[in-house]
Amino acid sequence: ALAWEYWNAQGLYNVQCQPYPFPKCEHHIPKNHYPVCPKSEYPTPSCTANACTQGATGNTTVYKGKSHYTLAGVEAFQRELLANGPFEVAFDVYADFPAYKSGVYVQKSDQYLGGHAVRVVGWGTLNGTPYWKIANSWNVDWGMNGYFLIKRGVDECGIEDSGAAGLALLPQ
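What you see is a predicted model; the values in this text were computed from it and never measured.

**Section: the overall build of the protein**
Logical step 1: Of the regular secondary structure elements, the protein holds two helices and seven strands.
Logical step 2: Counting from the amino terminus, helix and strand elements in the protein follow one another as α-β-α-β-β-β-β-β-β.
Logical step 3: The buried share of the protein, reckoned over its 172 residues, is 33%.
Logical step 4: Taking as baseline every contact in the protein between residues at least 6 positions apart, the subset at least 24 positions apart corresponds to 62%.
Logical step 5: When the accessible surface of the protein is totalled, it reaches about 10600 Å², and 53% of it is carbon and sulfur.

Here it is in structure tokens:
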């Protein structure tokens, strides 16, 4: 909720003004396109609020949020996608998930690894199995070009417990 509140109050610059500070790395399935990700988390970069990153050029428009809210369940998720587009969710990750390659993911492992935040971008049915289409943050080498499908309608790994979304203000 704090990130959404920051977006509403302070706003965000585009990626040309404040580039993503971490280098690309291979998540879970090394393919030699990028170095393997570090085992520990990257240190939190210092905040350059209200300014572009030093040396960055480009559009300095600040994009702000008008509101943010949570939603839960299949129907609420589908309504949000239709009305406002993709939104974020969190789910429980198990040991079989990092090796996902294709198809509709259904948890098989009992070894819990932790939580993970992702972006819901759509839904559909594959071979009779309903799914959510999800954008992951582990580069295009992982899964289906950086996306995965997870079973819809049964709260697979807690995916339908809660989503977060917001409405933007037009830039001024």
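**Quick notes on helix α1 (residues 2-9)**
Logical step 1: All of the buried residues in α1 are Trp 4, Trp 7 and Asn 8. Here the buried residues of α1 occupy an arc of 100° about the axis, which is enough to place them on one side. Exposed residues pointing more than 90 degrees away from the buried face of α1 are listed as Leu 2 and Ala 3.
Logical step 2: Contacts made by the buried residues of α1 are with β1 (65-71), β2 (87-94) and β7 (163-168).

**Digging into helix α2 (residues 74-84)**
Logical step 1: Buried within α2 are the following residues: Ala 76, Phe 77, Gln 78, Glu 80 and Leu 81.
Logical step 2: Buried residues along α2 sit against β1, β2, β4 (112-126), β5 (129-135) and β7.
Logical step 3: Two residues or fewer past α2, Gly 85 is found with a positive phi of approximately 90°.

**Structural notes on the nonpolar core**
Logical step 1: Counting 25 residues, the largest nonpolar core has Phe 91, Phe 148 and Ile 150 as its most contacted members.
Logical step 2: Counting residues per element, the ones that place at least two in this core are α2, β2, β4, β5 and β6 (147-151).
Logical step 3: At five residues, β2 tops the list of elements feeding residues into this core.
Logical step 4: Sequence-distant contacts of Phe 91, that is, excluding residues within four places in its chain, are made with Phe 97, Gly 114, Gly 115, His 116, Val 118, Phe 148, Ile 150, Cys 157 and Ile 159.

Thresholds, definitions, all that
Residues numbered from 1 in each chain as written. Predicted model: local features only at pLDDT ≥ 70, side-chain atom pairs only at ≥ 80, totals over all residues. Heavy atoms only, no water. Helix = DSSP H or I, 4+ residues; strand = E, 2+ residues; numbered from the N terminus. Buried < 20%, exposed > 50% of the residue type's maximum accessible area, 1.4 Å probe, protein only. Contact = heavy atoms within 4.5 Å. Areas by Shrake-Rupley, 256 points an atom, 1.4 Å probe, with all protein chains shown as cover. Arc of directions from axis to C-beta. Core = buried A, V, L, I, M, F, W, Y, C linked by side-chain atoms within 4.5 Å.

Purely geometric stuff here, so don't read any function into it on its own.
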